[in-house]
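# Architecture at a glance
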Amino acid sequence: MTEEKAPHDTQALNKSRCTLDANQPVWLFGYGSLIYKVDFDYLQRTPAYIENWQRRFWQGSHDHRGTPDAPGRVATLLPHTGAVCMGMAYKVSPQVFEHLDHREKNGYLRLSTTLHLQSEPPQSTQGLVYIATEHNEAFLGPAAEGEADEREIARHIANARGPSGPNDEYVLRLAEALRSLNANDPHVFAIERYLLERGA
Ligand code: SIN
């Protein structure tokens, strides 16, 4: 039996899979553009990490950093035992997901996971994260085998742009944001380095 893929537009699916209590604020974990492009209201924000997920530029972008004919590449998370993914957690009112579901509609599904908030004092809580799994129509996967992957991804990204701007800007802003969180992400920093070598 072939597995059914999540469609390009996941808005309806997110709404039906995950109903939110209208009066209950929700913690959201951002690991990509949600770290540096905050175009939504939040009640509280703090650096945070989640475990057993690693960031990869393996998701196609048809609506932000590319087009349907020439998709760009944006971040998603892949399961990886022992990995730690640093990002930013936002406490938001449930109404904000109307906007977020639209913004993240290109293959991302909301999943529930444990967030480790680097608040004072540190605290763990359940929250939501948008993940585009390999079972979505826009998933691209790696661009090449092994160590060549980041170089090929950079080549792809250098040539892509979409309604939200050039694809390389997504990587450069994310890398800068991760540095300000003291987060080390060799995958992101390698792609950034290749883009800078190419003159980004
Ligand atoms: C995220 O930032 O958490 C999801 C992916 C993105 O919007 O870049």
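Before reading further, recall that the structure is shown in the block above.
Definitions and limits used
- Residues numbered from 1 in each chain as written.
- Predicted model: local features only at pLDDT ≥ 70, side-chain atom pairs only at ≥ 80, totals over all residues.
- Heavy atoms only, no water.
- Helix = DSSP H or I, 4+ residues; strand = E, 2+ residues; numbered from the N terminus.
- Rg over C-alpha atoms; globule rule 2.2 N^0.38 Å.
- Contact = heavy atoms within 4.5 Å.
- Areas by Shrake-Rupley, 256 points an atom, 1.4 Å probe, with all protein chains shown as cover.
- Lys, Arg positive; Asp, Glu negative; His and termini not counted.
- Charge placed at Lys NZ, Arg CZ, Asp CG, Glu CD.
- Near = heavy atom within 4 Å.
- Polar contact = N/O pair within 3.5 Å; in protein donor to acceptor, adjacent residues only side chain to side chain.
- Nonpolar A, V, L, I, M, F, W, Y, C, P; charged D, E, K, R; others polar.
- Axes fitted to C-alpha atoms, helices over the stretch in contact; angles between N-to-C directions.
- Parallel < 35°, antiparallel > 145°, perpendicular 65-115°, else oblique.
- Left-handed = near helix turned anticlockwise from the far one by under 90°.
- Pairing = 2+ DSSP bridges.
- Phe/Tyr/Trp six-rings, centres within 6.5 Å; stacked < 30°, edge-to-face > 60°.
- Buried < 20%, exposed > 50% of the residue type's maximum accessible area, 1.4 Å probe, protein only.

## Focus: the overall build of the chain
From N to C terminus, the chain includes six helices and seven strands. Helices (α) and strands (β) of the chain occur, in sequence order from the N terminus, as α-β-α-β-β-α-β-β-α-β-β-α-α. Against the compact-globule benchmark of 16 Å for 200 residues, the chain has a radius of gyration of 16 Å, which places it among compact chains. C-alpha atoms of the chain, sized along the principal axes, occupy 45 × 40 × 35 Å. Contacts in the chain between residues at least 24 apart in sequence constitute 75% of all its contacts with a sequence separation of at least 6. Carbon and sulfur atoms provide 48% of the accessible area of the chain, an area that totals close to 10,100 Å². In the chain, 20 positive and 26 negative side-chain charges are present, and the distance between their average locations comes to 4 Å.

## A short note on the site of the ligand
Lining the immediate surroundings of the ligand are Phe29, Gly30, Tyr31, Gly32, Ser33, Leu34, Ala75, Glu104, Tyr108 and Tyr170. At a separation of 2.9 Å, an oxygen atom of the ligand approaches a polar backbone atom of Leu34. Between the ligand and the protein, one listed contact pairs an oxygen atom with a side-chain N or O atom of Glu104 at 2.8 Å. Elements with a minimum of two residues in the shell around the ligand: β1 (26-30) and α2 (33-36). For the shell around the ligand, the class distribution of residues is six nonpolar, three polar and one charged.

## Describing the packing of helix α5 (residues 167-180) against helix α6 (residues 186-197)
In the contact formed by α5 and α6, the axes pass within 9 Å of each other and the chain directions differ by 130°. Judged by the angle between their axes, α5 and α6 are oblique. In this structure, α5 meets α6 at a crossing whose hand is left-handed. Residues Asp168, Val171, Leu172, Leu174, Ala175, Leu178 and Arg179 of α5 lie in contact with α6, whose contacting residues are Val188, Phe189, Ile191, Glu192, Leu195 and Leu196.

## Quick notes on the side chain of Asp185
Tracing the backbone through its elements, the reader meets Asp185 in the loop between α5 and α6. Other than its neighbours up to four places away in sequence, Asp185 contacts Arg55 and Leu178.

## Notes on the pairing of strand β4 (residues 109-117)
In this sheet, β4 lies alongside strand β2 (residues 44-61) in antiparallel orientation, the contact comprising two bridges. Looking at β4, one finds that Tyr49 is bridged to His116. Between β4 and strand β5 (residues 123-131), which pair antiparallel in sequence order, lie five residues.

## Considering the environment of Ala75
Relative to the assigned elements, Ala75 resides in strand β3 (residues 72-92). Placed 95 residues apart in sequence, Ala75 and Tyr170 show a C-alpha to C-alpha distance of 9.2 Å. Once you skip the residues sitting within four places of it in the chain, Ala75 turns out to touch Tyr31, Arg55, Arg56, Phe57, Gln59, Tyr108 and Tyr170.

## A word on the packing of aromatic side chains
For the structure on display, the rule yields five aromatic pairs. Plain terms: the ring middles of Phe40 and Tyr90 are 5.0 Å apart, the flat faces sit at 80° to each other, and that makes the pair edge-to-face. Pair noted here: Phe40 is in the loop between α2 and β2 and Tyr90 is in strand β3, with a separation of 50 residues, a long-range link. Tyr90 shares its class with Phe40; the two are buried. Ring geometry for Phe97 against Tyr130: centres 6.5 Å apart, planes inclined by 35°, an arrangement best described as tilted. Residue Phe97 is located in helix α3 (residues 96-103), and its partner Tyr130 is located in strand β5; the two are separated by 33 residues in the primary sequence. Assessed through its relative accessible area of 2%, Phe97 is described here as buried.

## Section: the sheet that holds β3
Taking strand neighbours around the barrel as the criterion, the five strands line up as β1-β3-β2-β4-β5 in a closed arrangement whose pairing is mixed. When strand polarity is set aside, the average angle formed by the axes of neighbouring strands in this sheet is 45°.

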